[in-house]
Amino acid sequence: WRSSTLSGVPKSEANWQVLPVVSVGDCAVDKLTWGPGEGLIHARTERSSVILSEAQLNTAVQAPLMAVQTSPMEIIVYHTERQVQLTLTANYRVKGLGVGPSTVLLWNNKQVTLYDVDVTFQATVLSSFGRSTEMSSAALICQGQDRSIAIASGSKIEITNSQGVVQKTIQFSEEVEGYPVSLDVSGGFLAASTSMSFLKIWNVSK
């Protein structure tokens, strides 16, 4: 069960929502322990120890495409006008996604994958690349036929091309602004929120 109140203090049964049932084997669980990181729980039975990691499912919309994450590694892409859909299966746990005209972006802390969706609504991998530094967020920037990716990593945002080659770097002052934790793109604008509650916006259409 999970409390769904904004204040964090549940006041009635209506503030709790049921989460999916997870099996950890055919033996009774004799101990549960929260992990050191967010969304981790350890379940111990007489035969095994299992660490469960909660997957935060994501959605992204840019007409006419809508992407919905249905499991840690599976995303359904839906065309709202033609009412057709396809399924993408990543080879890693997806932490975030984005959509643009005929393009879908999947990413996690270390990996980025771009898919091209053609006129027959078939998806092919446009590019896939790893990162040596951990990412906290990524966003897809589409300008005409050009695709680029904004990647938040440490105290900076890197703007890369579709192959992951860095084209531009935006540096943050960790002492004054904090480090970027979330990115979003709307139209020709890139927005970033930081660990110190700053919100910064750039015009990336130029």
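Anything mentioned here points back to the structure above.
Every value quoted in this text rests on a predicted model; they were computed, and no experiment measured them. (Residues numbered from 1 in each chain as written. Predicted model: local features only at pLDDT ≥ 70, side-chain atom pairs only at ≥ 80, totals over all residues. Heavy atoms only, no water.)

A. Representation of the packing of aromatic side chains. Per the counting criterion, the structure on display carries 1 aromatic pair. Ring centres of Phe 172 and Trp 202 lie 6.1 Å apart, and the angle between their planes is 75 degrees; this geometry places the pair in the edge-to-face category. Remark: Trp 202 occurs in strand β20 (residues 199–203) and Phe 172 occurs in the loop between β17 (166–171) and β18 (180–186); sequence separation between them is 30 residues. A cation over an aromatic ring shows up here: Lys 200 above the ring of Phe 172, its NZ or CZ 5.2 Å from the ring centre. (Phe/Tyr/Trp six-rings, centres within 6.5 Å; stacked < 30°, edge-to-face > 60°. Helix = DSSP H or I, 4+ residues; strand = E, 2+ residues; numbered from the N terminus. Lys NZ or Arg CZ within 6 Å of the ring centre and 35° of its normal.)

B. Seen up close, the environment of Asn 58. You can see Asn 58 is positioned in the loop between β5 (49–53) and β6 (59–62). Setting aside chain neighbours within four positions, we find Asn 58 in contact with Ala 67, Val 68, Gln 69, Val 94, Lys 95, Gly 96 and Leu 97. In this structure the side chain of Asn 58 is engaged in a polar contact, spanning 2.8 Å, whose partner is the side chain of Gln 69. (Contact = heavy atoms within 4.5 Å. Polar contact = N/O pair within 3.5 Å; in protein donor to acceptor, adjacent residues only side chain to side chain.)

C. Quick look at the sheet that holds β20. Within the open sheet, the 3 strands sit side by side as β18-β19-β20. Their pairing is antiparallel. The sheet is open, and its two edges are formed by β18 and β20, each paired on a single side. Adjacent strand axes in the sheet meet at a mean angle of 20 degrees, parallel and antiparallel pairs treated alike. As paired elements, β18 and strand β19 (residues 189–194) share 6 bridges and run antiparallel to each other. Opposite Asp 184, over in β19, you have Ala 191 as the bridge partner. (Pairing = 2+ DSSP bridges. Axes fitted to C-alpha atoms, helices over the stretch in contact; angles between N-to-C directions.)

D. Broad picture of the sheet that holds strand β3 (residues 29–34). Strand order in the open sheet made by the 3 strands is β3-β4-β5, with antiparallel pairing throughout. A strand with exactly one partner marks an edge of an open sheet, and here the two such strands are β3 and β5. The average angle at which neighbouring strand axes cross in this sheet is 20 degrees, direction not considered. With 5 bridges joining them, strand β4 (residues 40–45) and β5 adopt antiparallel strand pairing.

E. Local environment of the environment of Thr 80. Here Thr 80 is to be found in the loop between β8 (74–79) and β9 (84–89). Thr 80 sits 71 residues away from Ile 151 along the chain, and the two C-alpha atoms are 28 Å apart. Among all residues touching Thr 80, those that are not within four sequence positions of it are Pro 64 and Met 66.

F. Inspection of the pattern of salt bridges at higher detail. For the structure shown, the criterion picks out 5 salt bridges. Arg 131 is the salt-bridge partner of Glu 158, the closest N and O atoms lying 2.7 Å from each other. Linking Glu 158 in strand β16 (residues 156–161) with Arg 131 in the loop between β13 (123–130) and β14 (137–143), this pair joins segments that are 27 residues apart in sequence. Note on accessibility: Glu 158 and Arg 131 belong to one class, buried. Between Lys 156 and Glu 158 there is a salt bridge, with the nearest N and O atoms lying 3.3 Å from each other. Judged by its relative accessible area of 29%, Lys 156 falls in the partly exposed class. What makes Glu 158 buried here is its relative accessible area of 9%. What you see here is one network of salt bridges that share partners, running through Arg 131, Lys 156 and Glu 158. (Salt bridge = Lys/Arg side-chain N within 4 Å of Asp/Glu carboxyl O. Buried < 20%, exposed > 50% of the residue type's maximum accessible area, 1.4 Å probe, protein only.)

G. Representation of the environment of Met 196 in the model. The residue Met 196 is located in the loop between β19 and β20 in this model. For Met 196, a relative accessible area of 40% gives the class partly exposed. Counting along the chain gives 163 residues from Met 196 to Thr 33, while the straight-line C-alpha distance between them is 30 Å. Not counting residues within four places of it along the chain, the set of residues in contact with Met 196 comprises Glu 174, Glu 175, Val 176, Glu 177 and Gly 178.

H. Molecular detail of the side chain of Gln 69. Note that Gln 69 resides in strand β7 (residues 65–71). Judged by relative accessible area, which is 3%, Gln 69 ranks as buried. In contact with Gln 69, other than residues within four places in its own chain, are Gln 56, Leu 57, Asn 58, Glu 74, Ile 75, Val 94 and Leu 97.

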